[in-house]
Structures are given as C-alpha cells and as structure tokens.
Amino acid sequence: MAEDTLTITDNRTGETYEVPISYGTYPDYGAAIPAGDLRKIKTSDDDFGLITYDPGYTNTGSCKSSITFVDGGRGILRYRGYPIDQLVKKSTYLETAYLLLNGDRPDQQQLDDWVHNITMHTMLNESIKKVIDAFNYDAHPMGMMVGTLGVLSTFYPNAKDIFDEETRTRQIWRLIAKMPTIAAYAYRHRRGLPYVLPDNELSYTGNFLNMLFKVTELKYEPDPVLERALEVLFILHADHEQNCSTSAMRNVGSSHSDPYVAVAGAAAALYGPLHGGANEAVLRMLNGIGSVKNVPSFVEEVKSGEAGRLMGFGHRVYKSYDPRATLIKEVAHQVFEVTGVSPLLEIAVELERVALEDDYFVERKLYPNVDFYSGIIYQAMGFPTAMFPVLFAIPRVSGWLSQWQEMLLDEDQRIARPRQVYTGHDVRDFE
Ligand code: CMC
C-alpha cells in the first residue's frame, strides 16, 4: 500500500530521506510536508541543512486554518464551510463576522448579544476627534485609518492581555464597532463636515451611511437597497484566508503585540495598489481610458507594458473567475437602479469582454477580481475614490481578528521569523 511519505534523494551525497505528508480537509488540496524536516538534508555535520526558497510565499503553508477555504482553480470561496453565495443571500455582515470568529452560526440569543455588544462600542473617545483633526484636510483616509488604529492602542492598555479570553473578546467588539466610525470621521474631516455620532437604532451598515452622509435631518434614513448592497460587499470582503494583509496581521500578532497595532499593520498592507488599493486604481484606470472606443488600444498598451497592469484583473490564487466578482456584478445592477448607471460601467464591461477574449489574458488565466466592479459601485453610492480601500478594511477586520485569534490559540505557532538565502560578501576586513 502507498505510504503518506515523500522520499528524497540528495544527489550531492547519495543519502535518502523520508518525510511525512500531512493533509487538511481535502487530500487533493493542501497536502504538505514539514519544512523543518528538510533541515536534516545536509552535506556535512557543519551544514545548516536545506531550506526552501519561496519569495512572496507562493507555495508555503504558513498555518493550519479552519476559517476560510479558497480553491482558486475552481473559483470556490467558503467561510467555515458555507459557500459565499449562500452567505450573501441569507446572512448579514455581523452574523458572518460571528461565524468567522466563532466557527459556527450564532443562535438567535447569541446573535442578539453579539449585535448588541458591537453596537454598544461604536463611539470613539472624544480625543480621537483631535487626532483626526490634526491630519491635513486632504490626508488620505486610509492613512488616517492606519494612524488612528495605532492611536487606539494607547487608549486600551489592557488590550495587551491577549491570552485572556474576555479581554480579547472586548477588543474584538471594539475594533469591529469602531472601524466604520473611524472611516466616517476620516471622510467628514476631508470634506470639512462635522462628525456625526453613531445611531444605535440603525443596522451596522445603515449607521455607517448615517455617520457618512447625515446633514441637517433629525434622523437619517438609509436607503434600504444601498444599506443591503453595503452589507453584501462587507460579507464578500470579510475574509480571504492567507492574503497579504492577513499574513501581516498574523506576523505582527505573532510577536504578541496588541490587536490595535496588529490591525494597523494589516490595514497598512491592505493599502497597497496590488491588494486593497486596487479598487481605487481601477477607477483611476477607467477614468483614464475615458471612452469605450479607447478600450482596445488600452489593452494593447497593457500587453506591451506601456500602461502598467490591467487593474482589477488577475489574482495570486484565483485562476478562474473570482466568485466575489460575479456576486458584485449582481449588486452593481441593484445599486444602479437607485443611483443611476455609472458611465464607467460601459467601459468596464467592454474592458472585461476584450480582455477575456485576448490570448495574453487567457494564457495567464487573468480574470476580473473582487476589485474590478466594487469601485464603480462605491462611486455610484457617493464615495470618493480615496475611500475605497477603507471600505475594504472595515469588513476585513473581522477576518483579520479571526485569523489573529486562531494564530494565538494554535500551539504550533511561534513568532514569525523566515530564513533567507544570503548572497552578500564573505567576511572582509574593515581597513
Ligand atoms: N494585468 C496585466 N498582466 C498581468 C496582470 C494584470 N492585472 N496580473 C498579472 N499579469 C501578468 C504578469 O505580468 C505576469 O506575466 P509574465 O508571466 O509574462 O511575466 C503573469 O501575469 C503572472 O503575474 P504575477 O505578477 O506573477 O502574478 P501574481 O500572482 O504575483 O500577482 C496580482 C497577482 C493580483 C498582484 C496581479 O495579478 C496584479 O497585479 N493584478 C492587478 C492588481 C489587482 O487587481 N489587485 C487586486 C487583487 S484581488 C484583491 C486583493 O487581494 O486585495
């Protein structure tokens, strides 16, 4: 019978080694060998042993996780086993956040308590207003968010007690609750508008719209279609296993720093144009293309390297249509019924059509990702482009915190500290 091991022959020495193969839920997806076992492979007793070389961790399992499953080849995304399309149809963002953090869906009492506890933590300390006031009028809201998250760490010194479950849970409520408030304050600071206090009678997304867009009315009433559209976008963005920002969250958290600074680090990673900043870049790109007739020449420029990358296309894991992009396209139509159709939609649809018929994109398996259509929706809802990555960060905090908590409670985990292949000088004298 076949054994679950790998036999390696080192042709430098002729020695043979056997290493175990372990599996996750699916034997054909995620079979792994322990990297540490490669250290036994040496040419002499003084040899350090083999390491793997994997820039960008494209083929390295950094953890075992039971939170999110992504099969990029087949376009599958599930949170705790539930397909993303079912969650989008049947759940809310806060219920999904509970599911991610606790492993199972809440019963009605658990859900009521969860929503209550988050709703009771939406306010920010008054001093935070001074922090946000100190930013320039044109400061990027993502920079304000990263900075404010770091500042929050100083308000809750006991958050450092990360192995105390009650303390940890309280910080989780606070972070999920305060992200929309920080985002709304950053938005209103840039517009020179007074900050709006949270309205605890509204839903999570309804209150967010209230804090963003309330003017002089006594009670803000969110449009139910836009409120639900944001809910769907938040569910879709809640987690995506070991992506760049989540790995940053786990890496920062692995030194046992508090969750506020770890979330600040994760948000900083999300900010970049190759990750959560891509939705902002898509809008700039579509504006730059300007008209449907310019699409073919733009695609040629992308292929020749003159126009940079086709933003909102391609993914490290998805080598087929990103399932989130399919669901976002549906939301786009619902939103446009309320807001009117964005002129950029026509350009985006044509760009997608041309790219998906082009050999360059077909051969490289480049499909639209989550960011391709989300920016057009956000723009139609009245968000300035600079707010787009912030809208990604708000829901992703539940994923970051789920992954952080899983990492803290996982006995296999240690401080993140990769190796390197040194290619510099041999020792030389300083003369
Ligand atoms: N436009 C044109 N060419 C592309 C693109 C693109 N968007 N993406 C990849 N390629 C090409 C790339 O040039 C390379 O070609 P070649 O083999 O000839 O050198 C090939 O496809 C493989 O690309 P890669 O850079 O090795 O792929 P990666 O897995 O390292 O990068 C990515 C993944 C998402 C960073 C990349 O596809 C990209 O830059 N996309 C545009 C930015 C974007 O939309 N990011 C959002 C990602 S989804 C949301 C999120 O995770 O935050």
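No experiment lies behind these values; they were computed from the predicted model shown.

**Digging into the site of the ligand**
Reasoning step 1: For the ligand, the set of nearby residues contains 20 residues, the closest of which are His275, Arg309, Leu310, Gly312 and Arg316.
Reasoning step 2: Between Phe313 and the ligand, the recorded distance is 2.9 Å, taken from a backbone N or O atom to a nitrogen atom.
Reasoning step 3: Coverage of the ligand by the protein amounts to 73% of the 950 Å² it exposes when considered alone.
Reasoning step 4: When grouped by side-chain class, the residues that make up the shell around the ligand number 10 nonpolar, six polar and four charged.

**Details of the pattern of salt bridges**
Reasoning step 1: With the rule as written, the count across this model stands at 17 salt bridges.
Reasoning step 2: Each of the salt bridges in this network shares a partner with another, and the network as a whole consists of Asp199, Glu201 and Lys219.

**Topic: the domain arrangement of the protein**
Much of the literature gives interface size as the accessible area that the parts lose upon coming together.
Reasoning step 1: Annotation of the protein at the domain level lists domain 1 (1-52) and domain 2 (67-419).
Reasoning step 2: A C-alpha centroid distance of 39 Å is found between domain 1 and domain 2.
Reasoning step 3: At the junction of the two partners, domain 1 supplies six residues and domain 2 supplies seven residues.
Reasoning step 4: The junction of domain 1 with domain 2 conceals about 490 Å² of combined surface from both sides, 56% of it contributed by carbon and sulfur atoms.
Reasoning step 5: For the interface between domain 1 and domain 2, the tally reads zero salt bridges.
Reasoning step 6: Viewed at the interface, domain 2 and domain 1 are joined by two residue pairs in polar contact (both at pLDDT 80 or more).
Reasoning step 7: Partitioning the side of domain 1 that touches domain 2 into residue classes produces four nonpolar, no polar and two charged.

Here is what the cut-offs are and how they apply
Residues numbered from 1 in each chain as written. Predicted model: local features only at pLDDT ≥ 70, side-chain atom pairs only at ≥ 80, totals over all residues. Heavy atoms only, no water. Near = heavy atom within 4 Å. Polar contact = N/O pair within 3.5 Å; in protein donor to acceptor, adjacent residues only side chain to side chain. Areas by Shrake-Rupley, 256 points an atom, 1.4 Å probe, with all protein chains shown as cover. Nonpolar A, V, L, I, M, F, W, Y, C, P; charged D, E, K, R; others polar. Salt bridge = Lys/Arg side-chain N within 4 Å of Asp/Glu carboxyl O. Domains from an automatic or database assignment. Contact = heavy atoms within 4.5 Å. Buried area = accessible area lost by both parts, 1.4 Å probe.

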